[in-house]
Each structure stands twice: as C-alpha cells, then as structure tokens.
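Descriptive structure summary
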Amino acid sequence: MWGEIAYQLYGNDGYEYLKEYDRNRDSPGENTLQGLFDLTDDPILILIDEIAQYLEDASGIETGETVLSTQTLSFIKSLLETASNRNDVTVVYSIADTAFTDEAETVRKEIKELDSIEQRQQQTITPTGDTEISSVLRRRLFDDIENGAAEFVAESFYEFYRTTDRQLPQAVLDTEYREKLERNYPFHPTTIETLTDKIDSIPGFQKTRDALRLLARAIYYLWNHKPEGYDRYFLRLYDLTPADNEPDGSIRTKLGNTLFDAIDLDSAVSADIYTDDRSAHAQHEDKRWREKALPPLGTHIVTAVLWNSLAVGEKATGLTRAELYTAVAHPDVSFDHYDNALENLTGDDHRVGCYYLYDEDRIKFKAQPRLLYIIDQYTQNTPRAQARDRFEGRLRQEIGTGGFETVPTSNPESGFPEEPADLPDNAATPTLAILHFDSITVADGGEEIPSKVQTLYEETASSHNAPTQSRTYKNYVLFLVPDHELVENGIEKAKRLEGLERMREDSEQTAQLTDEQFDELGERIDRHKGLLGEQVRNVYRHLYYPDTDGLEHVSITAVDANGDTTMVEAVEATLDDRILRDDDSARGEVWFKSRLWQQTKSRMDTEQLAAQFAKKPGLPYLFSTKPLRKTVARMVDESGYAYWDGQREQAYWTGDEEPEGWDCDHPVSESPDVETSIASTDVKIGEEYAVFEGIGPLVEAVDLACREPEYRVAIAGDLDEETDSFDVHVDAESPASAHLVVATEGDETAFPDVGSETVTVSEFDGLSDGEIVAATLYESGTRETELAFERKRVKGGGDEPEKNWSETSNTAAAQRAFGSVREDALADAPADATPGIESVQIEVTGDSVLDHGFFLAQRSLDDYAEQTTASMDYRAKAADGTTQFTAEFRGNLADFRGINQHPESFSENDGQRNVNLIFRIGFDEPEPLDGDDLLALLRDELEGTDITVQVHAEGPADVVDET
C-alpha cells in the first residue's frame, strides 16, 4: 500500500523514497512519511477505499514474523499521525464493513486508540443520506425515466390516499408526502423506508448496497413476469418476491442466507407465501382474486408483511392496517378486497389461513406457528410412565442454579444420587443433593432422618463398588427429599398436562373446535403448566442440612405458581442467615479464632481457611470468598496477624514490634517485601497465600529482604569568594564508601572513598557567583551505578536573602504534580518577581512505569531532548524469588528511546518486577515561569492521562533582566 501511494503521489521519485520499505513489506514510520510529503510543496489528498477488505486480503500474506495486515495497520496509524501534524496532507478513508466485520472493527479500534493519544482533526462522512438513497438507486438501476411521469403518478396517488375512506397514517395525508412520492419515483416510499429503516437493523445488511441488489432483482423479475390485467405505477414491497428463487443471487437466496439470521421465517415463506407448486396459503388466496381479474392480493399482502417482519429490536414491529394499506393499495382495487383477503389469510380456513401470520395489535410474521396448526395429540389414555417422565423432566427444570451446586443438574444425562460415590466430597462449592421420588420419600413430616440421607451424609467413595470412607467436607452437602403423599398428586398433574397437550396436538380434533373452545384449551394448558411447576416444588419440601449436632430438618414452603422461584432459590431463601455473599462484612477476631483458626498452628494458607467452611458443620456456606478475604484483611489490620502473598512475594503487616531473628538494621516494616496496609483485594485464596499469627512466624518462614541503603547529596550553594570553594554534604546509610564527582560546565573533580561527610570543593579556579555545579554520587569509580545527584547554581557568600526556590510534589497524576510544583513556586516568589526553572526531576511511578516513561520520552519531552537525561534501573525476579533479569540505563534521551521497551519478555510472567525511572532536565539559562514554560507544557499536555509522577524542580526566585 505505501509503495503504491508514494508512486501515485510522486512517480518514480516517490517510489524510490519508499522502495526498501515496499520490497520488504515493512511499514514506514512517521519520520519517513514526513520526508516523503516534503518532496513537494503542493497540498496532498490521499483516498483509501475499503480498508477492511484490504486487511482481509493482506491477512494471509506473511512478512517476517508477522503478516501484511499487521504492517498495514501500523502504516495507517503512522499515516494518520503524520497527517494530523501537517496542514498540507488530508487522508480520506472508508471502512465499508458489511462483508468484513472483524477487519472493520480492528480498523476502528486502532483509529480510536490514535484518537485517545492525540487530538486530531477528523470528520466522519456518511456517503449517502436518507433522502438521497432513492436518487442513487434510480441512477444505478434505470437509464432513463419518462419526463413528467414522477409528478403525474405522485399527484394521482396522493389524491387516492387523501380521498379514501380508510384511515391512513397522518404523514401520508400531509402535502409533504406528495413530494416524497415524486422524489422516490419509481420506488414507492414504503419500499425504500422498509429497506433502509427496518431491514437496515439486521447485522450484515448494508443500507444502499444491499437495497440496490434486492431492487435490481425485483426489477429483473418484474420485467420478466409482467403483471396482466392491471397497471403498475410504483415498484412496491410485494415486488421483492420470494418467487425470485434462482440458486445464485436471487431474492429468496438473500432471504435465506442473510436476512433470516435475525428471525427465521423460512418456514413462513414455504408455508404461507410461495412454493413452486403454488401450494402456499397466499397462493391459494390469490386464485380467488385472479378469477375476478384482480391482482394477487394474498401474495401482495403477505410479501409486504414479510419485509416488515424481518427487522431486529424495536424496529421489528410489523405493520398496522393503515401502514399495510399504504404499502399495497392500488387505485383500481377496493379497500374492501384488501380487508377480505387479510381476514382470510389470518383466519381459520386451513386452505388459506397462514400458519405464521399474526393479526394482533400489528400484523407480522413470527417464527412460531399459531396454535391452531400445531396440535397433533389428544388427552386420553396417557400412560403413567409418560406422566412420570414428564414429572421428572419438570423436576429438572425447576432445580435452577445459584450458589449451591446440584446433583442432579437440569441436564437429562445427570443422574440422581443413590450411593456415596454419587456425591462429591470437596471444599469447592456446597452441594444440594436432590433425591429421586422413586428412590426415597418422607411420610412422617420429616423429623426422622431417612437412613439413605444419613448414609450419604456420613460416607463417600471414590467410585461405585469402591470402599466407603468418612466424608471430610460434611458441611457442604445438603439434601432435598420429596414428600410421600404429594408425589402421587404431582404425577397426576403431569398426566393431565400430557393429556391436554396431546389433544391440542391432534389436528383433526382441534379443527372441529370453536374459537372459544380452542382458546379455553390453550388457557388450560398454560394453567396446568404453572400448576405442575408449583406441584414439583411443593413435593420437594423436606430439606436436611448440617448443623453443629448433625443433620437438621426444615420444611420449605411452596413457592409461586409462575415459576419465578426455583428450588435452589427456595433453599437459599430458607438458609439465608447461613450464607455468606459478596456484600457480607468481615468477621471479628473472636469468631475467626474460634471458628476458622486451628489453634495448634501458627500459619494457615487461605485455601485451608476456606476449607474450614466445608469441614465444620454449622459454619456458613461460602458462596463468595469476598467475606473471607475481608476477614483476613481485618485480622491483619486490627489483630496483629500477618499475610504472605507467595505469588508476588509480598508480606502485609500493620504492627510496630520487631520480631526476633530480624537481622536488618532497620524496622521490618521498612523491608521492600512488606506492605504496611492491606485491602481485601490484596488477599487471594490458594496454597501460596498464607496467614500467620504474627510477624514473628512469618519472618521465621520467609526470607524478607532488607531495604537498600539510601544516599543523598546536597550542594550548600554558598560560594566562598576568597577561595572559590563550596561544600557538598554526603549522607549515606551504608558503611561502604562511595565515589563523589563534582562538575561545572567545563571541569570536574572526583573524591573517592566518601562516606557520610561534608566535602569542601575548592578545585575550580575562577568559579563565579551564579555558575551551575552538579554533584553525582556513584557506587564506585567506574561510575556505572548512580546513587544520588543534585544540580545547583552557587551564589556568593553573605547574609543576602534566599534567591532560589525548590519544590517537590507528592506522587500524583501528572497534571496535578506539575501544576502543584509550578503553583507553589509562583506563590513563594516575591511580589513582581518571575521565578525561573534551572532543573526538573521527574520520577515515573505507578503500575506502567515503562509504558508511561517511553510515552514521555517520545512525546512530552521531545522539545527538551538535548537538555534531558534518563536514569533507569530494572529488576525482575522469577517466581521462586531469585533474580532473573536486570537492566540499567544512564544516558541521554535519544539513546533511551532506542532501548528495548519491553524487557519483561526476558523474565517469567509470574515473577515480580521493579522499575525505577527518572528523567532530569537541566537548563543552561533559567527558563521563566511565564506560561510557556516546561512545567506548564507538561501540566497541560498530560491532562486526562493516567500517568503518575513525583516532580522536583528548582531555580532562581526571580529571573533578572541583565540588559
């Protein structure tokens, strides 16, 4: 793509400029494109049509380790970025996503990401407006239309609508509709509106393109099957006929392949609209009207209704009678004929009554046939086995889902529990066992626990015929048992429902019923369905659940007949005070120690704590681990417990005592492996996450790291004018000596083996008031590892007031951090003074240090690249805690941009990574805080981003005009 664009813009010169990129199928970047567009001073317009189709074609072409479609997306992003930064380049592109939905979505996502990074001038253009569609279709489908025909036909039809005694939509009677008829000619407005406003809601249907194809087929079919006996004035909805059913490209093919995806009306077409043998109901109705030399009113009506029944969502409304009249009415046909035809099509006559056509508040086709035509069974002599199966099937439907896992499930292949091996014994989820009505019933009110229930509660087995053993997780198994007296009543209700449905399914029997009788049959079936669901839930009324003294019994009250409450939901409502859910609060220390903590242990992992809920009868059912995680966080926060995240190798502890065995020379709370606050979201459930009784057991079990020693250097800044000397204060926590380097703009001096001390620097002859010096503390004389740094302007001695300012922000969002430093500097400045910036230090923080750092380096700091240096330390640990990968960088901004932006690829995904990244910007001459300064620039540019930083800046309190 890029080679072709370059050639079309500049010929051979343009292609030569991008030749290597084109041959290697490697997308050029922004700088390269900037150079390409600089080949001319003329304005440039680039048109790219149907990007989605191009991506589809390019997705199968490999180029290096990727594919051409990926390179193309990269090029498009670079092209749009480049165009947004130039006034002489305009890019116009189309997506046209109907046939290439996935690729089009990819393009939109990429462009949306660009929009979120940089505000660009962009305008979305809809190529064809609603009022222009008919003009486009007319130009594409007709070579010529007789002059004056549109005006004549529009006036005639408008008068026909206006003078009829039938109620039509108000919009049809307004004078604007006459103009609409003329504007859309030779297409009737209802034809265009249905295709563009209703059918357009179907995924995969493109308003103009697919409408063009359908109308082209309609014109083709109409031209080859000219109607006889009546004149035609418009192309109507009924001209989009399923009778056009050639295998390739026909209207019937389009319906089946695309339009029926939204609502499957294939059966409706075959039964009610058109078949080759003319046996569809509408075709039978047409015979009556053809015999009277009238148009095929049945087909006209059902075809118009079909197209208005295809839409998705709120637009799938069908038509009112008034809308149907507008769509099909012909000036030479009485409206009484249309009424009569519609009545026949929606009536009970099996020859012409449509199976799928509904005349309710609106007329529409549905995918479900009317009850009149699906009855094929009768209500007598229903075998008990059939009723029993119906009861069991409804039982499975009524089980439902929720916090309890059920045995069986609603799946017919899932068996009912009969032996200990049929019920799981695990701590994952509490299990509700629903016993089969042929296996066990309760006849004495339920107070005596059935022996089968007791056995299933106490025993488990790995498989059938395997030896049984004591169940471990007894608290997580409950039993729902049917009532003996109610089982037979339930099966009787199932038998009655089966009989009613068999009667309704017998077409010969129901054909003899009146409308009232048929309606009553339907009402009885609906009522008995509800009664059967209620009866099933009422039969299973005996619940046995574990408590501290063993199984307890409670009767579950029958729930509503509408089936809004399942059996699982009824059990949950009955045991509501025994269930812990997401929104339940943390438990206290007494409850934690007495109910969950094993007194002989100083450590329990959170998986063990969760398992206690399953083991100890009487404990709540843990539907969510959130309350447990809240409780653990509370124990750490309030009760002296410690928490260890073995995955992240992070400890959480909020105490202040120092444990025995802690060998570091600082408090344990200052260890980099220790967090001194905890939230419930920090707590995870698993074997690698543990709770300790205190920090002492945790220190014994885990090797916590000591904090790295801290280093600071501070330039006193007061210049001794007699000796040209000044002091540098070094503060080092480590007893090991360091290497100090002090430099001016043209000279430097080094001090090896420096500890915590004050170093007097007198090696610079002729050092003058106001000159900038820098002090850098290194780990050794090789200067590979920087420990501390400060840059400052020295000033003459004496008792003059402080002339410099220095401000440091909290760690905060970038806009707030830069803004606060700038505001504090202005607020502390003397009246009428303009503070200046000499140096700025930016420490990037948060969870995406590298991503945000490279964003700053490549965009925000670009104008200050020559004054900026970067310092980065990257450390990655493997999952076992060993150091796996390290990286360091010290250098200018240009070199920093070229390093690997994703060093995490060199370390394991489940390890731990730490990144320290600092940018330093130094000015040879102070930059005034005048609104165009660096702090203001970064504050405004980073507004709305999620970048967090800590900012330190300093400079003179007033920029003096020396002129």
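In the nomenclature of an unreviewed UniProt entry, the protein chain corresponds to ATPase AAA from the organism Natronococcus jeotgali DSM 18795.

By the definition in use, this model includes one disulfide. Across the disulfide, Cys664 is cross-linked to Cys706 (sulfur-sulfur distance 1.6 Å). Measuring handedness by torsion sign, the sulfur bridge of Cys664 and Cys706 sits at about -75 degrees and is left-handed. Of this pair, Cys664 sits in the loop between strand E18 (650-652) and strand E19 (674-675) while Cys706 sits in the loop between helix H27 (695-701) and strand E21 (711-715), and the two are 42 residues apart along the sequence.

Bringing helix H19 (residues 451-458) into the picture now. Spacing of three or four residues puts side chains on the same side of an α-helix, whose turn is 3.6 residues. Along H19, the residues classified as buried are Val453, Leu456 and Tyr457. End-on view of H19: buried residues confined to an arc of 100 degrees, all on one side of the axis. Buried-residue contacts for H19 involve strand E9 (459-460), strand E11 (477-481), strand E12 (542-547) and strand E13 (550-555).

Here we take up the sheet that holds E13. Taken together, five strands build an open sheet; the order of strands is E7-E8-E11-E12-E13 and the sheet is mixed. The open sheet has two free edges, formed respectively by strand E7 (405-407) and E13, since each of these has just one partner strand. Taking the axes of each pair of neighbouring strands and ignoring which way they run, one obtains an average angle of 25 degrees across the sheet. Both E7 and strand E8 (residues 431-434) contribute to a ladder of three bridges, which runs parallel. The residue of E8 that forms the bridge with Glu405 is Thr431. Packing of H19 onto the sheet brings it into contact with E11, E12 and E13, and relative to E11 it is tilted by some 160 degrees. Contacting E7, E8, E11, E12 and E13, helix H23 (residues 567-574) crosses the sheet at an angle of about 120 degrees to E8.

With that settled, the discussion passes to the pattern of salt bridges. Evaluated as defined, the whole model comprises 48 salt bridges. Note that Arg166 and Asp339 form a salt bridge whose closest N and O atoms lie 2.5 Å from each other. Taken as a pair, Arg166 in the loop between helix H7 (149-163) and helix H8 (170-173) and Asp339 in helix H17 (residues 335-345) lie far apart in primary sequence, 173 residues in all. A salt bridge links Arg213 to Asp210, with the nearest nitrogen and oxygen atoms 3.2 Å apart.

Let us now look at empty space enclosed by the protein. Overall, the coordinates contain two cavities of 30 Å³ or more when judged by the stated rule. Each pocket or cavity is described by its volume, and for the largest cavity that value is around 50 Å³. Together, ten residues line the largest cavity, and Arg537, Tyr540, Ile556, Met567 and Ala570 are the ones closest to its centre. Classifying every residue of the lining of the largest cavity gives six nonpolar, three polar and one charged. In terms of lining, the second largest cavity is formed by Leu580, Ser585, Arg587, Trp591, Phe613, Pro627, Leu628 and Thr631. Looking at the lining of the second largest cavity, the element that brings in the most residues is helix H26 (residues 626-638), giving three residues. Classifying every residue of the lining of the second largest cavity by side-chain character gives five nonpolar, two polar and one charged.

With respect to the helices and strands, Arg939 occurs in helix H31 (residues 934-941). With a relative accessible area of 22%, Arg939 lands in the partly exposed category. Once the C-alpha coordinates of Arg939 and Ala814 are considered, the two residues, 125 residues apart in sequence, prove to be 6.7 Å apart. Reaching out from Arg939, the side chain makes a polar contact with the side chain of Asp940 at a distance of 2.9 Å.

Turning our eyes to something else, we now look at the side chain of Thr82. Here Thr82 lies in helix H4 (residues 68-84). Contacts of Thr82, omitting those with residues within four sequence positions, involve Glu30, Leu33, Gln34 and Phe37.

A word on H4. Taking 1.5 Å per residue, 17 residues should reach 24 Å; H4 reaches 24 Å between its end C-alpha atoms and fits that length. Buried residues dominate H4, accounting for 13 of its 17 residues.

So, on to the packing of aromatic side chains. A full pass over the atoms with the stated rule returns 25 aromatic pairs. Relative to Phe623, the ring of Phe404 lies with its centre 5.0 Å away and its plane at 90 degrees, an arrangement referred to as edge-to-face. On the criterion of sequence distance, the pair formed by Phe404 in the loop between helix H18 (384-399) and E7 and Phe623 in the loop between strand E16 (621-622) and H26 is long-range, its members being 219 residues apart. In this structure Phe404 comes out as buried when scored by relative accessible area, which is 3%.

Angle between the axes and distance between the axes are the two parameters that describe a pair of packed helices. Where helix H14 (residues 281-290) contacts helix H15 (residues 297-307), the two axes come as close as 6 Å, and the packing angle between them is 140 degrees. One way to sum up the angle between H14 and H15 is to call them oblique. On the side of H14, the interface is formed by Ala282, Glu285, Asp286 and Trp289, while H15 contributes Leu297, Gly298, Thr299 and Val302. Split into classes, the residues belonging to the contact of H14 with H15 amount to four nonpolar, two polar and two charged.

Analysis parameters
- Here the residue numbers are simple positions, counted from 1 along each chain's written sequence.
- Predicted model: local features are reported for residues with pLDDT of at least 70 only, side-chain atom pairs are reported and counted for 80 or more only, and whole-chain, interface and lining totals are derived from all residues.
- Note that the side-chain values use all heavy atoms of the structure and ignore hydrogens as well as water.
- Put simply, a disulfide is two cysteine sulfurs that come within 2.5 Å.
- Comment: elements are numbered from the N terminus, with helices defined as DSSP H or I runs of at least four residues and strands as E runs of at least two.
- When accessible area is computed with a 1.4 Å probe and restricted to protein chains, residues below 20% of their type maximum are described as buried, those above 50% as exposed, and intermediate ones as partly exposed.
- Arc definition: it is the arc formed by the directions from the helix axis to the C-beta atoms.
- In what follows, a contact means two residues having at least one pair of non-hydrogen atoms within 4.5 Å.
- In short, DSSP must find at least two bridges between two strands for them to pair.
- Only the contacting stretch of a helix is used when fitting its axis, a line to C-alpha atoms as for every element, and angles between N-to-C directions run 0 to 180 degrees.
- We define a salt bridge as a side-chain nitrogen of Lys or Arg found within 4 Å of a carboxyl oxygen belonging to Asp or Glu.
- Using a grid of 1 Å spacing that covers the protein atoms alone, one calls a set of points a cavity when a 1.4 Å probe fits there but cannot get out, and a pocket when the set is open and has protein on both sides within 12 Å along at least five of seven lines; lining residues are those with an atom within 4 Å of a point.
- Grid points are joined across faces, edges and corners, and a volume is the space filled by probe spheres set on the points.
- Put simply, Ala, Val, Leu, Ile, Met, Phe, Trp, Tyr, Cys and Pro go in the nonpolar bin, Asp, Glu, Lys and Arg in the charged bin, and everything else, Gly too, in the polar bin.
- Under the rule applied, a polar contact is a pair of N or O atoms within 3.5 Å (in protein, one hydrogen donor and one hydrogen acceptor; residues adjacent in sequence only if both atoms are side-chain atoms).
- Expected span of a helix, by definition, is 1.5 Å for each gap between consecutive residues, and there is one gap fewer than residues.
- Within 6.5 Å between ring centres, the rings of Phe, Tyr and Trp (the latter by its six-membered ring) count as paired, and their orientation is classed by plane angle as stacked under 30 degrees, edge-to-face over 60, tilted in between.
- Comment on the angle field: the value is read as roughly parallel under 35 degrees, roughly antiparallel over 145, roughly perpendicular from 65 to 115, and oblique elsewhere.

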